[in-house]
Amino acid sequence: MIQPSSYTSICRFGILFFVLFLHISFVNAQSKVEQLSDSQVEAFYNRAQASGMSEMQIEQAALAQGFTLSDIALMRQRINKVQAKSSKSSNGAVIDSVVVPRQQMGQALSVKQKTVVLKDTIAVFGANMFNTPSLSFEPNLRIATPKNYQLGPDDELIVEIFGNSSNSYRLKVSPEGTVKIPDLAPVYVSGLSVEDAKDKIVARLRQIYGGLGGGGSSAVVNLGNIRSIKVTITGEAARPGTYTVSSLATAFNALYLCGGPNENGTYRKIRVIRNNKLIRTIDLYDFLLRADQADNVLLQDQDMIHIPFYESRVTLTGEVKRPAIYEVKEGEMLQSIIAAAGSYTGQAYRSFLTLRRVTDKERQLINVSEVELATFKPQNGDIYGVSKILDRFQNRVQVSGAVFRPGEYALDDKLTTLKQLITKADGLREDAFKQRVLIHREKENLDPEILAVDIEKILTGENPDVVLRRQDSVVVKSNKQLRQDYFVTIVGEINRAGDVRYEQNMTVSDLIAQAGGFTEGAIGSRIEIARRVREDNANVDEKYDVEIIPLKIDRLLRLNANDALFTLQPYDIVYVRKSPRYEAQRGAIIAGEVNYPGAYAIVNNADRLNKLIERAGGIKSSGYLPGAVLRRNGERVAVDIQAILENPSVEGNLLIENGDSLFIPERSEVVRIAGAVLNPSVVNYAKGSGFQEYLSQAGGFGERARKRSVYVTYANGYTDRTRKFLFFNIYPKITPGATITVPFKPDNTNRSDLTGPVILSFLGTITIAIATLLR
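Residues numbered from 1 in each chain as written. Predicted model: local features only at pLDDT ≥ 70, side-chain atom pairs only at ≥ 80, totals over all residues. Heavy atoms only, no water.

Undergrad: Would you explain the overall build of the protein in this entry?
TA: A tally of regular secondary structure across the protein gives 16 helices and 39 strands. Counting the 775 residues in the protein, one finds 39% classified as buried. Looking at the protein alone, contacts between residues at least 24 apart form 62% of all its contacts between residues at least 6 apart. Total accessible area on the protein is roughly 45,200 Å²; 50% of this is exposed by carbon and sulfur atoms. (Helix = DSSP H or I, 4+ residues; strand = E, 2+ residues; numbered from the N terminus. Buried < 20%, exposed > 50% of the residue type's maximum accessible area, 1.4 Å probe, protein only. Contact = heavy atoms within 4.5 Å. Areas by Shrake-Rupley, 256 points an atom, 1.4 Å probe, with all protein chains shown as cover.)

Next comes the structure, spelled out in structure tokens:
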């Protein structure tokens, strides 16, 4: 399908389609144009795109085959008709004219950025224009055609005819400099402006359109796709060479493509040469500093740009807005270089600049005063430094602390004394400590000194005023700054215990209210206050370090005369006691084989295990008392419930604690054998069977079994060990639910080589001892 954007190219290939269909096998030389289907015309169009013949050659070939100009015109009409149908089917309307973006014929070289610096310290001014990735000096192809633009080969002209007659042509300038209008002789346009070419083309079109340019029809000629041109860049360019650019490209476009001047290239004397003649000398500083594009000339094919070596460069550092390396032209003074750097920063010391200059033999240091800038001539290699002003004030005094407007003030004719400074700061605050105000001062040798004055007497006129000096710093302390922070503390049965800021006339009730009030168990009749003993407190016995004051407080914290009589002092500690009969509910859990398992409250501190079992309705007949388990704080506690129930006065009848858990299991019918046996297992309990029988069921002792250390853990948590009588081991009794544990001996595999020497040493010692006794 032919795209609408291709419609404006139909005229260029109209004749080409006609010649192509002469060579198709299914259409002979006698076929008529009207007999061709739309699909065949479209196929011819596609083949025409692959042809390399010029329009002139195609037309000559068609005429040589016996076709007339009317046949060629008819073919062009068929192509227009097919295109119109295609445009209508895709867009819903017939397109008579399509505006196509202007394109450059050819590709420009991509630019690889490279910053030009001197010794990797400071950049050459202007280099950033060619080293900014986001900046692209590409020609704008959408602008109106410049009036001085000269047509050349490969340019394209778009001719639109409207009015009584309607048609459009896209005419490409041939290498011979002509454009060919179908059915008309070529028109020579090379070297002409678009306006001049329009006059010649319209004059030629009048041969077909008689009323063109009159009242019935009009024509518009615009520049379509533009040609590419060759520009050569030589000299000290970052990438010298020949570049293909748009015919709308300017000198700046070409300089950007080549990366601009290299580290030795000039920015101020770039030469544009055309036909071996210098047509322009470019000073990039005019564009960079003043946005002047007078030097940005339009390039032509075979133009040359030559970048010579720079002649003079200077370096400007320090407190200027744009420190950089600047190129100096003949006749320029230092003042113009500072202007190119954007002038001074706000912190610059302007009285003089420091110049480091290279002479024939050595370096030279020169101070250039501000008045010399307009007449001082820079030299190549100069390095100018602009210093920063001193970080000090010539007339500053400061006041801080207990004044209403602390800060910095200017020492002048209206402010010379301390009293005037306090007045300027809107006076002293109410909490100011007036008896000693400190003035921090610098001596002539800059050593610090301090001066203390009584500001109260100065303000009342009793003492003379103090004359201030530059850099004086006046500090007015507040009363709070000269003492510890005042606070009181409350602890005990209070909702928010801790420190509270002390306030004058604060009572205990005030403190309790600020601390969130009493807890539920607090008692107001047993409050104590611990107070620090001071030298002026003569009522306290010398043997006491702290004074204890008992107090009674209404729990409702109601205001009364007694409450107001006693006020707190800084650093008092108030203790609030708990009622002796107040206790938070505590509980224990009993589960298993009891009649009423569940959670039970602990009535008092004398509640024991037997009482808990009684309140649970006693033990069921299925309960196995020797297996009862008591857990406290997650740990197992061994108890003998059967002995407790038989005799509640036994020591094993423990007091119940909050969170205790007692479990009465059913009778267990198994015995567990674990540890250093051949087959650790769980076996059925057999009444009357002893340790040896159960050991046999586990396969007997292992190789590393410690036979004399066997122990049994019973279901209720009690443990019994193996006992020794003469040469016999007496093993514990086995009951249902018991666990037999055979410990392992230490692994002495790595120490076997020491066994022999140890035994020999022991036998030797015994032999010596026996011999001694016999003597």
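Undergrad: Looking at this model, I keep getting lost on the sheet that holds strand 4 (residues 167-172). Mind explaining?
TA: Paired through their backbone hydrogen bonds, the strands of a sheet run either parallel or antiparallel. Strand order across the open sheet formed by three strands is 4-3-7, with antiparallel pairing between neighbours. Only two strands of the sheet have a single neighbouring strand rather than two, namely strand 4 and strand 7 (217-223). The sheet shows a mean angle of 15 degrees between the axes of neighbouring strands, direction not considered. As paired elements, strand 3 (residues 156-163) and strand 7 share seven bridges and run antiparallel to each other. (Pairing = 2+ DSSP bridges. Axes fitted to C-alpha atoms, helices over the stretch in contact; angles between N-to-C directions.)

Undergrad: So what exactly am I meant to see when it comes to unusual backbone geometry here?
TA: Most peptide bonds take the trans configuration, and most residues that are not glycine carry a negative phi. Its identity as a non-glycine residue notwithstanding, Asp154 has a phi of 80 degrees, on the positive side. Secondary-structure assignment places Asp154 in the loop between strand 2 (122-123) and strand 3.

Undergrad: How should the packing of aromatic side chains be read in this particular structure?
TA: The description of an aromatic ring pair uses the distance of the two centres, along with the angle that the planes make with each other. Overall, the coordinates contain eleven aromatic pairs when judged by the stated rule. An angle of 80 degrees between the planes, with centres 5.0 Å apart, marks the rings of Phe125 and Tyr285 as edge-to-face. In this pair, Phe125 sits in the loop between strand 2 and strand 3 while Tyr285 sits in helix 7 (residues 284-290), placing the two residues 160 residues apart along the sequence. Judged by its relative accessible area of 8%, Phe125 falls in the buried class. Their ring planes at 40 degrees and their centres at 6.4 Å tell us that Phe691 and Phe701 sit as a pair that is tilted. One end of the pair, Phe691, is in helix 15 (residues 691-697); the other, Phe701, is in the loop between helix 15 and strand 35 (711-713), and ten residues separate them in sequence. The rings of Tyr486, Phe487, Tyr502 and Tyr571 are connected pair by pair, giving a single aromatic cluster. Residue placement shows Arg532 over the ring face of Tyr571; its charged tip is 4.1 Å from the ring centre. (Phe/Tyr/Trp six-rings, centres within 6.5 Å; stacked < 30°, edge-to-face > 60°. Lys NZ or Arg CZ within 6 Å of the ring centre and 35° of its normal.)

Undergrad: Whenever I open this one, the pattern of salt bridges confuses me. Can you help?
TA: Two side chains of opposite charge can pair, provided their charged atoms sit close to one another. A complete count under the given rule lists 23 salt bridges for this structure. Residue Arg441 pairs with Asp472 through a salt bridge whose shortest N-O separation is 2.7 Å. Note that Arg441 is positioned in strand 20 (residues 437-442) and Asp472 in the loop between helix 10 (455-460) and strand 22 (473-476), a separation of 31 residues in sequence. For the pair shown, Arg441 and Asp472 are each scored as buried. Put simply, Asp572 and Arg531 hold a salt bridge, and the shortest N to O gap is 2.7 Å. One end of the pair, Asp572, is in the loop between helix 12 (561-565) and strand 27 (573-578); the other, Arg531, is in strand 25 (residues 522-532), with 41 residues separating them in the sequence. A single burial state applies to Asp572 and to Arg531, both of which are buried. When salt bridges that share partners are traced, they join Arg268, Asp283, Lys329 and Glu332 into one network. (Salt bridge = Lys/Arg side-chain N within 4 Å of Asp/Glu carboxyl O.)

Undergrad: Help me understand helix 5 (residues 194-205) in this model?
TA: An α-helix turns once every 3.6 residues. As a result, residues three or four positions apart point the same way. Between the first and last C-alpha of helix 5 there are 16 Å, a value that for twelve residues agrees with the 16 Å anticipated at 1.5 Å per step. Those residues of helix 5 not exposed but buried are Val194, Ala197, Ile201, Val202 and Leu205. Along the axis of helix 5, the buried residues cluster in a sector spanning 130 degrees; they form a single face. Turned more than 90 degrees away from the buried face of helix 5 sit Glu195 and Asp199, all of them exposed. Its buried side turned inward, helix 5 meets strand 3, strand 4, strand 5 (178-179), strand 6 (187-188) and strand 7. (Expected span 1.5 Å × (residues − 1). Arc of directions from axis to C-beta.)

Undergrad: Explanation requested: the side chain of Ser247 in the structure shown.
TA: Mapped onto the elements, Ser247 comes out in the loop between strand 9 (241-246) and helix 6 (251-257). Beyond its immediate chain neighbours, meaning those up to four positions away, Ser247 contacts Tyr149, Asp155, Ile226, Arg227, Ile229, Leu298 and Leu299.

Undergrad: Please explain the confidence of the model for the protein as it appears in this structure.
TA: Close reading of the predicted structure is inappropriate where its pLDDT is low. When pLDDT is averaged along the protein, the result is 82; 78% of the residues meet or exceed 70. Here residues 87-101 is modelled with pLDDT under 50, and outside its nearest four sequence neighbours on either side it reaches 20 contacts, counting other chains as well. Predicted confidence is poor over residues 105-120, with pLDDT under 50, and the contacts of this stretch with residues over four places away or in other chains come to 34 contacts. (pLDDT = per-residue confidence, 0-100.)

Undergrad: Quick question: what am I supposed to make of the environment of Ile527 here?
TA: Tracing the sequence through the fold places Ile527 in strand 25. Taking the C-alpha atoms as reference points, Ile527 and Val508, 19 residues apart in sequence, are found 9.5 Å from one another. Ile527 has contacts with Ile512, Phe518, Ile549, Pro550, Leu551, Ile553, Val574 and Tyr575, leaving out every residue within four places of it along the chain.

Undergrad: What is the right way to read the sheet that holds strand 25 from this model?
TA: With mixed pairing, the five strands of this open sheet are ordered in space as 24-23-27-25-26. The sheet is open, and its two borders are formed by strand 24 (498-501) and strand 26 (546-551), each paired with just one other strand. Between one strand axis and the next, the sheet turns by 25 degrees as a mean value, whatever way the strands run. With six bridges joining them, strand 25 and strand 26 adopt antiparallel strand pairing. Paired with Glu528 across the two strands is Pro550, which belongs to strand 26.

Undergrad: Help me understand a nonpolar patch on the surface in this model?
TA: Taken together, the side chains of Phe725, Leu726, Phe727, Phe728 and Ile730 make up a nonpolar region of the molecular surface, amounting to roughly 650 Å² of accessible area. In this structure, Phe725 sits in strand 37 (residues 723-725). (Patch = residues over 30% accessible without salt bridge, like charges linked within 9 Å, V, L, I, M, F, W, Y side chains within 5 Å.)

Undergrad: Would you mind showing me how to read the environment of Ala185 here?
TA: For Ala185, the position within the fold is in the loop between strand 5 and strand 6. Exposure remark for Ala185: the relative accessible area of 42% places this residue in the partly exposed category. Taking the C-alpha atoms as reference points, Ala185 and Arg204, 19 residues apart in sequence, are found 8.0 Å from one another.

Undergrad: Just to check I follow, could you spell out the nonpolar core for this structure?
TA: One recurring pattern in soluble globular proteins: nonpolar side chains tend to sit buried together. Counting residues in each nonpolar core, the largest one holds 52 residues, and the members touching the most others are Leu255, Leu284, Ile305, Leu316, Tyr326, Leu334 and Leu353. The greatest single-element share of this core, amounting to six residues, is contributed by helix 6. Look past the residues within four positions of Tyr326 in its chain and what remains in contact with it is Phe125, Tyr285, Ser312, Arg313, Val314, Leu316, Ile337, Ala340 and Ala341. (Core = buried A, V, L, I, M, F, W, Y, C linked by side-chain atoms within 4.5 Å.)

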